[in-house]
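Next come the chains, spelled out residue by residue.
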Amino acid sequence: MNAPELELLRTALLQTLREASPYPVPMATLILGAKLGGVRDADAKLVGAELAYLADKMLVAPLEKLVSPENAEWRLTAHGRDYLATRGL
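Values in this document were obtained by computation on a predicted structure and should not be read as measured data. The numbering scheme is per chain: residues are counted from 1 as the chain's sequence reads. Only residues with pLDDT of at least 70 get local features here, since the model is predicted, and only at 80 or more are side-chain atom pairs given and counted; chain-wide, interface and lining totals rely on the full set of residues. Heavy atoms throughout the structure, all of them, feed into the side-chain values; hydrogens and water do not.

**Regarding the side chain of Glu73**
For step 1, the next point in the chain: For helices the rule is a DSSP run of H or I covering at least 4 residues; for strands it is a run of E covering at least 2, with both sets numbered from the N terminus onward. Mapped onto the elements of the fold, Glu73 is located in strand E3 (residues 73-76).
For step 2, the next point in the chain: Only protein chains enter the area calculation, which uses a 1.4 Å probe; residues under 20% of their type maximum are buried, those over 50% are exposed, and those in between are partly exposed. Note that His is not counted, nor are the chain ends; the positive residues are Lys and Arg, and the negative ones are Asp and Glu. Salt bridges are defined as contacts in which a side-chain nitrogen from Lys or Arg sits within 4 Å of a carboxyl oxygen from Asp or Glu. Within the buried core, Glu73 has no salt-bridge partner, and the shortest N-O distance to an opposite charge, that of Lys65, equals 4.3 Å.
For step 3, the next point in the chain: Apart from the residues within four sequence positions on either side, Glu73 is in contact with Pro24, Val25, Pro26, Ala61, Pro62, Leu63 and Lys65. Contacts: residue pairs with any heavy atoms within 4.5 Å of one another.

What follows is the structure, given as structure tokens:
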């Protein structure tokens, strides 16, 4: 993916998490959100890599699950909300 496509994917993930807030979002929903946001080839590997990037930037965070931790869920952080708000998204 090129830089504009990655930005589109990352923004779609952040917006999907914002719309679900305060509830955590599972990977399947994030993949669907990315596809609806214009990233047709979104899959678990690509979305997982970008979620890790966004987590490193402190824009998203994985939910700590005691039961079935293999079914990862994600939430938007305060930094993620601020990022979207300052860009009018």
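**Some remarks on the packing of aromatic side chains**
For step 1, the next point in the chain: The aromatic pairing rule takes the rings of Phe, Tyr and Trp, using the six-membered ring of Trp, and pairs them if the centres are within 6.5 Å, calling planes under 30 degrees apart stacked, those over 60 edge-to-face and the rest tilted. For the structure on display, the rule yields zero aromatic pairs.
For step 2, the next point in the chain: Here Arg10 stacks its cationic end above the ring of Tyr53, 3.8 Å away from the centre of that ring. Only lysine NZ and arginine CZ atoms are considered, and such an atom sits over a ring when it is within 6 Å of the ring centre and within 35 degrees of the ring normal.

**As for the side chain of Thr77**
For step 1, the next point in the chain: Within the secondary structure layout, Thr77 lies in the loop between E3 and helix H4 (78-86).
For step 2, the next point in the chain: Among all residues touching Thr77, those that are not within four sequence positions of it are Met58, Leu59, Val60 and Ala61.

**What about the environment of Leu54?**
For step 1, the next point in the chain: By the element assignment, Leu54 lies in helix H3 (residues 44-56).
For step 2, the next point in the chain: As a C-alpha pair, Leu54 and Leu76 span 22 residues in sequence and 9.7 Å in three-dimensional space.
For step 3, the next point in the chain: Those residues in contact with Leu54, other than ones at most four positions away along the chain, are Arg10, Leu13, Leu14, Leu59 and Val60.

**Describing the nonpolar core**
For step 1, the next point in the chain: In this structure, Leu13, Leu30, Val47 and Val60 are the most contacted members of the largest nonpolar core, which totals 19 residues.
For step 2, the next point in the chain: At the level of secondary structure, the elements contributing two or more residues to this core comprise helix H1 (3-20), helix H2 (27-36), H3 and E3. Definition of nonpolar core: a set of buried residues of the types Ala, Val, Leu, Ile, Met, Phe, Trp, Tyr and Cys, connected through side-chain atoms within 4.5 Å.

**Here's the deal with the pattern of salt bridges**
For step 1, the next point in the chain: In this structure the tally under the stated criterion is two salt bridges.
For step 2, the next point in the chain: The closest approach of N and O atoms between Glu50 and Arg10, which form a salt bridge, is 2.6 Å. Of this pair, Glu50 sits in helix H3 while Arg10 is found in helix H1, placing the two residues 40 residues apart along the sequence.
For step 3, the next point in the chain: For Glu50, a relative accessible area of 9% puts it in the buried group.

**Re the packing of H1 against H2**
For step 1, the next point in the chain: Angular values range over 0 to 180 degrees, each being the angle between N-to-C directions of two axes fitted as lines to C-alpha atoms, with helices fitted over their stretch in contact. Running from N to C, H1 and H2 cross one another at 125°; their axes reach a closest spacing of 8 Å. What the angle tells us is that H1 and H2 run oblique. For the pair H1 and H2, the crossing hand works out as right-handed. Packed against H1, whose contacting residues are Leu9, Ala12, Leu13, Thr16 and Leu17, the element H2 presents Thr29, Leu30, Gly33 and Ala34 at the interface.
For step 2, the next point in the chain: Basically, the charged four are Asp, Glu, Lys and Arg, the nonpolar ten are Ala, Val, Leu, Ile, Met, Phe, Trp, Tyr, Cys and Pro, and anything else, Gly included, counts as polar. Among the residues forming the contact of H1 with H2, the class breakdown is six nonpolar, three polar and no charged. Convention used here: angles under 35 degrees read as roughly parallel, angles over 145 as roughly antiparallel, angles from 65 to 115 as roughly perpendicular, and any remaining angle as oblique. Two helices crossing with the near one rotated counterclockwise from the far one by less than a right angle form a left-handed crossing, whereas a clockwise rotation gives a right-handed crossing.

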